[in-house]
Amino acid sequence: MARNRELEDPRRRVLVRALSLGALGGAWIPDAAAQLFGNRPGTLPAGRSIYRLVGEVGVNGKAATLQTVVNPGDTVRTGKGSECIFVVAGHSMIMRENSSLTIDAQEADSGLVRGLRILAGALLQVSRGSRIGVTTANASIGIRGTGFYVEAEPNRTYFCTCYGVTDIAAASDPDSRETITATHHDRPVYVVSDAARGKGIRNAPFVNHTDQELALIEALVGREPPFVFPKDSYGGPRREY
């Protein structure tokens, strides 16, 4: 997956700038956002899962629409140049293009999420107040109610604990494990498969997701991010790694 890519959707670039210029107060949802995304960001109504989709998006092998309901147990896929912003059982997320996500249920018909399996692609997600597991081809991650971003490749996983606590482990190396506590993207990491024993978790840069996107998906479940935005325009935290 390409690293340090630009925000590819020009509508998203406009929204990021609009939000960072002061639309994140008590009435952070401007008319411009409604025009760009088709409706106003806010808590999704009962019976609604998908806030926005672009391009080729499928749920359980069927083409998705804004009326498609996503439940624990479902598999969501996006095609090239596609994206899906949706909520399932209180978990709010943005799936990037060329991604495949299976949402594991705690038990049949429970309506609760046990974990997320993302074997390809990228996902930004918020799950405060609940514990779930995230698995990729080479990593196993425990989420202790947090916001996170993950990019999954066959032999490497990029993972950013945006805020909260996560337990990260390399799937094939029990000595490569770490608990990360973050308040604002404090330690993104790569989990790699070709490292020496105990060396499978490495420092990584901050890439490919923004605080404004986190604010958007938190708003869809009636919350705000646990950090304060600066008033000037920016695409991510100004931090040296």
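Residues numbered from 1 in each chain as written. Predicted model: local features only at pLDDT ≥ 70, side-chain atom pairs only at ≥ 80, totals over all residues. Heavy atoms only, no water.

1. Things to note about the pairing of strand β11 (residues 147–152)
For clarity, the cut-off: Residue burial is assigned from relative accessible area. The probe radius is 1.4 Å, only protein chains are included, and a residue is buried under 20% of its type maximum, exposed over 50%, and partly exposed in between. Helix and strand assignments come from DSSP, with helices taken as H or I runs of at least 4 residues and strands as E runs of at least 2, each series counted from the N terminus. Paired strands, in this sense, are two strands between which DSSP finds at least two bridges.
Of all six residues that make up β11, six are buried, and the element is covered over most of its length. Going residue by residue along β11, you find G147, Y149 and E151 tucked away on one face and F148, V150 and A152 tucked away on the opposite face as well. The pairing of strand β8 (residues 113–126) with β11 spans six bridges and is classified as antiparallel. Paired with V126 across the two strands is G147, which belongs to β11. Sheet analysis places β11 next to strand β12 (residues 156–170), joined by six bridges and oriented antiparallel. Residue pairing in the sheet places Y149 in a bridge with C160 of β12. Connecting β11 to the antiparallel partner β12 that follows it, the hairpin turn spans three residues.

2. Focus on the pattern of salt bridges
Basically, it comes down to this: Salt-bridge detection follows one rule: a side-chain nitrogen of Lys or Arg within 4 Å of a carboxyl oxygen of Asp or Glu.
Under the definition given, this model contains nine salt bridges. Linking R117 and D104 is a salt bridge whose minimum nitrogen-to-oxygen distance equals 2.8 Å. Taken together, the positions of R117 in strand β8 and D104 in strand β7 (residues 100–105) put the pair 13 residues apart, joining distant regions of the chain. Exposure remark for R117: the relative accessible area of 37% places this residue in the partly exposed category. Several salt bridges converge on common partners, so that one network encompasses R52, E83, R96 and E213.

3. Section: the nonpolar core
Test applied: Among buried residues, the Ala, Val, Leu, Ile, Met, Phe, Trp, Tyr and Cys ones that are joined through side-chain atoms within 4.5 Å form a nonpolar core. We call two residues in contact whenever any of their non-hydrogen atoms come within 4.5 Å of each other.
Membership of the largest hydrophobic core comes to 32 residues, with the highest contact counts inside it found for F86, L101, I103, L116 and L123. Residue contributions to this core peak at four residues, all from β8. Apart from the residues within four sequence positions on either side, L123 is in contact with M93, I94, M95, L101, L116, I118, F148, Y149 and V150. By size, the runner-up hydrophobic cluster in this structure holds 23 residues, among which are L124, Y149, A204 and I217.

4. What to know about helix α3 (residues 211–219)
Along α3, nine of the nine residues are buried, which leaves the element largely enclosed by surrounding structure. Considered for burial, the residues of α3 that qualify are D211, Q212, E213, L214, A215, L216, I217, E218 and A219.

5. A few points about the environment of N203
What counts is decided by this rule: Here a polar contact is taken to be a pair of N or O atoms separated by no more than 3.5 Å, where protein atoms must pair a possible hydrogen donor with a possible acceptor and residues adjacent in sequence count only if both atoms sit in side chains.
Mapped onto the elements of the fold, N203 is located in strand β15 (residues 201–203). In the structure, N203 is positioned 16 residues away from R187 in sequence and 7.0 Å away in space, judged by C-alpha atoms. Those residues within four positions of N203 in sequence are excluded, and the remaining contacts are R187, P188, V189 and Y190. Engagement of the side chain of N203 in a polar contact is seen with the side chain of R187, the distance being 2.7 Å.

6. Here we look at the packing of aromatic side chains
Stated formally: Two rings from Phe, Tyr or Trp (for Trp, the six-membered ring) form a pair when their centres sit within 6.5 Å of each other. Planes less than 30 degrees apart are called stacked, planes more than 60 degrees apart edge-to-face, and all others tilted.
Tallied over the entire structure, the rule returns three aromatic pairs. Seen in terms of ring centroids, F148 and F159 are 5.4 Å apart; in terms of plane orientation they differ by 20 degrees. Their pairing is stacked. Of the two residues, F148 sits in strand β11 while F159 sits in strand β12, which places them eleven residues apart along the sequence. When its relative accessible area of 0% is taken as the criterion, F148 is described as buried. What links up through ring pairs into an aromatic cluster is the set Y149, Y158 and Y190.

7. Things to note about the confidence of the model for the chain
Stated formally: Confidence of the predictor in every single residue is expressed as pLDDT, which spans 0 to 100.
Here the chain averages 83 in pLDDT, and 77% of its residues register 70 or above. Per-residue pLDDT stays below 50 along residues 2–8; that stretch engages in 21 contacts with residues further than four places along the chain or on separate chains. With pLDDT under 50 throughout, residues 230–241 is counted as low confidence; its partners more than four residues away or in other chains account for 30 contacts.

8. Re unusual backbone geometry
Even without a glycine there, the phi angle at N98 is positive, about 50 degrees. Checked against the element boundaries, N98 lands in the loop between β6 (91–95) and β7. A relative accessible area of 43% places N98 in the partly exposed class. Within the chain, H185 stands out as a residue other than glycine whose phi angle is a positive 60 degrees.

9. Observations concerning the environment of E224
Here E224 shows up in the segment after α3. E224 sits in the exposed class, given a relative accessible area of 58%. As a C-alpha pair, E224 and L214 span ten residues in sequence and 8.6 Å in three-dimensional space. Filtering out sequence-adjacent residues up to four positions away, E224 remains in contact with R128 and E218.

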